Amino acid sequence: MSGAHQTCEPARVEELLRTLAPTVLGVLVRRYGDFGTCEDAVQEALLAAAVQWAAEGVPANPPGWLVRVAARRWTELWRSDTARRRREETAALLSPPEPEPAPASDDTLTLLMLCCHPSLTPASQVALTLRAVGGLSTAEIARALLVPPATAAQRISRAKQTIRASGATFGMPPPDERSARMAAVTEVLYLVFNEGYTASSGSALHRVELTAEAVRLTRQLHALLPQDGEVAGLLALMRLTDARRPARVGPDGALIPLADQDRSRWDAAAVAEGVALISRTLAHGPVGPYQLQAAIAAVHDEAPRAEETDWPQILTLYDLLDAVAPGPMVTLNRVVAVAMVHGPQAGLRHLAAAEADPALADHHRLHAVRAHLLDLAGDHEAACARYELAARRTLNLPEQRYLRLRAARAGRPPEAGPGR
Amino acid sequence: MKYVILIHSNPAAWDALSEAQKVEVGRRHLALTDDLAASGELIVTEALADPSLTRHVMVRDGRTVAGDGPFAEVKEHLAGFYLVDCDSMDRALAHAARLAPYGEIEVRPVMDLHAVLDV
């Protein structure tokens, strides 16, 4: 090593800043109250730190440094606000007292609850959570969500205005709202996770890894609330799903369905972590939808080959899921499990009943499942037509490509080759 | 979800509008653009130049040729578009409906590139 002062790798600085972001924001909001302005001030302190720490090294007390810089910035923002200019004397009274050390309590949960306030749309909840809790910059959020920076910036500032207008304060919601708010929090984390599953590689170079970010935030939440079975279930579901990532896309960029994946390429450590976590969680407490989905993912991940999948157990889990959290996709997935246990004709009978749900009547996934069951039943011509129909209906490019491939394969006589 | 709102214009119908109505169309576009930007749903919007300025690009015998194109007798042309990111088709339709009194408005979902979780 040469050089007078110790410099730090930008990636490590970045990681440290993202961890500190909610803590620093918590200190500021406690001190000044106004979430929107505090958030802007923290964001600017993070940007300043990213530059300065990478060049000059990490200060002795990183959260203290951030609080000090953010507080100074808050004062400037407050003073430059023309609407408040007349009250500047009050501002002077409020200007930063002594920098505080990091607080004893963790504000991450309070912040998550605030970012998932029911007055916000899901898109705004996601953007605000990534910024206020995840410590991402607006530019990074825009790249991650595939929208222009101006759109992301507007979404964040509007979300802050909406929160202010709703009169929400920085504190835990009242007990009777808490479970609904927790559901919103887990849903936002799950949205962030799914948002990361983009097959696009075009601008992937500088994309923030949203799946990793979702796992990081969920892990934090799980550490804060180890007794919450649904948070544990969500974390397990993420790990068990993400474990298959290396096998999900072929060298040509095409999606590979679960049954055809090369299971030796799955991330064994992630599978082990997910299985251990969900097994531990299911043993106590009430069972919720994320736990059941994680349990289903675990059954899939534990099968050494697709043919060895324990479908009767999966069907039982879908029965439970259907009772706890019914929905069109649960219905369809359950139909597939029925077909795997009782044969394609039984599946087709269940599918006819499922079609009565208006949410499913012309849904591409319904057509895709019917195609799959017809194919299994040996009616390749009808399967081909249904795959084509599903391909026309889907809004997802990789899925469309996959469905067209299945249509072509179903149209061909089966002696083309085994398996793949 | 991203949606594109396509505005098809019929020159004959446009010419039949009064000056006040033409101004009203412009107002509606400005108001919609402002509202979409404020709500964080606007990705981009553009008005397109007159169709007489259109050039068509073709490859003939390995050579690229640009020309006015063999597309005469088109009653309607694409006059502009909005690319929006909103929560549902219904929401996109509600935005589009604000333009509907003056023109043929088409709303179409945009394909996304997310790798679906369990096909």
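Residues numbered from 1 in each chain as written. Chains lettered and ligands numbered in written order. Predicted model: local features only at pLDDT ≥ 70, side-chain atom pairs only at ≥ 80, totals over all residues.

Per an unreviewed UniProt entry, the recorded name for chain B is YCII-related domain-containing protein, and the organism is Planotetraspora mira. Under the heading Sequence similarities (unreviewed entry), UniProt records this for chain B: "Belongs to the YciI family." (UniProt positions renumbered as here; feature names shortened; annotations may be inferred.)

As recorded in an unreviewed UniProt entry, chain A goes by RNA polymerase sigma24 factor and comes from Planotetraspora mira. As its UniProt record puts it under Sequence similarities (unreviewed entry), chain A is described as follows: "Belongs to the sigma-70 factor family. ECF subfamily."

**A look at the nonpolar core**
With 109 residues, the main nonpolar core has Val24(A), Leu28(A), Val42(A), Ala70(A) and Tyr387(A) as its most contacted residues. Split by domain, the residues of this core number at least three in each of domain 1 (10–94) and domain 2 (337–413) of chain A. Listed in part, the eight residues of the second largest apolar core include Ile5(B), Tyr82(B), Val84(B) and Cys86(B). (Core = buried A, V, L, I, M, F, W, Y, C linked by C-beta atoms within 7 Å. Buried ≥ 20, exposed ≤ 12 C-beta atoms within 10 Å, placed from the backbone. Domains from an automatic or database assignment.)

**Section: the environment of Leu397(A)**
Along the polypeptide, Leu397(A) turns up in helix 20 (residues 397–411). Setting aside anything within four residues of it in sequence, one finds Leu397(A) in contact with Met111(B), Asp112(B) and Leu113(B). (Helix = DSSP H or I, 4+ residues; strand = E, 2+ residues; numbered from the N terminus. Contact = placed C-beta atoms within 7 Å.)

**What to know about the packing of helix 10 (residues 210–224) of chain A against helix 11 (residues 229–242) of chain A**
Residues and elements named next belong to chain A. At a closest axis distance of 9 Å, the pairing of helix 10 and helix 11 adopts a crossing angle of 150°. As the angle between them shows, helix 10 and helix 11 are arranged roughly antiparallel. Remark: the crossing between helix 10 and helix 11 carries left-handed chirality. When helix 10 is examined against helix 11, the residues Thr211, Ala214, Val215, Thr218, Arg219, Leu221 and His222 are found in contact with a partner set consisting of Val231, Ala232, Leu234, Leu235, Met238 and Asp242. Broken down by class, the residue content of the contact of helix 10 with helix 11 amounts to eight nonpolar, three polar and two charged. (Axes fitted to C-alpha atoms, helices over the stretch in contact; angles between N-to-C directions. Parallel < 35°, antiparallel > 145°, perpendicular 65-115°, else oblique. Left-handed = near helix turned anticlockwise from the far one by under 90°. Nonpolar A, V, L, I, M, F, W, Y, C, P; charged D, E, K, R; others polar.)

**Observations regarding the domain arrangement of chain A**
Here chain A is partitioned into domain 1 (10–94) and domain 2 (337–413). On a C-alpha basis, the centroid separation for the pair domain 1 of chain A and domain 2 of chain A is 54 Å.

**With respect to the environment of Cys86(B)**
Residue and element names in this part refer to chain B. Note that Cys86 resides in the loop between strand 5 (77–85) and helix 3 (89–97). Taking C-alpha positions, Cys86 is 7.6 Å from Tyr3, a pair spaced 83 residues apart along the chain. With residues near it in sequence (within four places) discarded, Cys86 still touches Met1, Tyr3, Glu41, Arg91 and Ala92.

**Some details on the sheet that holds strand 6 (residues 104–109) of chain B**
All names here are of chain B. Within the open sheet, the four strands sit side by side as 2-5-1-6. Their pairing is antiparallel. Every other strand in the sheet has two partners, leaving strand 2 (42–47) and strand 6 as the edge strands with one partner each. Averaged over all neighbouring strand pairs, the angle between strand axes comes to 15°, with direction disregarded. Note that strand 2 and strand 5 share five bridges and pair antiparallel. Pairing of Ala47 across the sheet is with Gly80, part of strand 5. (Pairing = 2+ DSSP bridges.)

**Examining the UniProt feature "domain: RNA polymerase sigma factor 70 region 4 type" (unreviewed entry) in chain A**
Cross-referencing UniProt, the feature "domain: RNA polymerase sigma factor 70 region 4 type" (unreviewed entry) maps to residues 113–162 of chain A in the present numbering. Along residues 113–162 of chain A the backbone is 72% helical and 0% strand, and the end-to-end C-alpha distance reaches 14 Å.

**Here we look at the interface of chain A and chain B**
Contacts between the two partners involve 26 residues from chain A, matched on the other side by 18 residues from chain B. Elements represented by at least two residues in the side of chain A that touches chain B include exactly helix 6 (122–132), helix 8 (149–166) and helix 20 of chain A. Class assignment for the residues of the side of chain A that touches chain B results in 14 nonpolar, eight polar and four charged.

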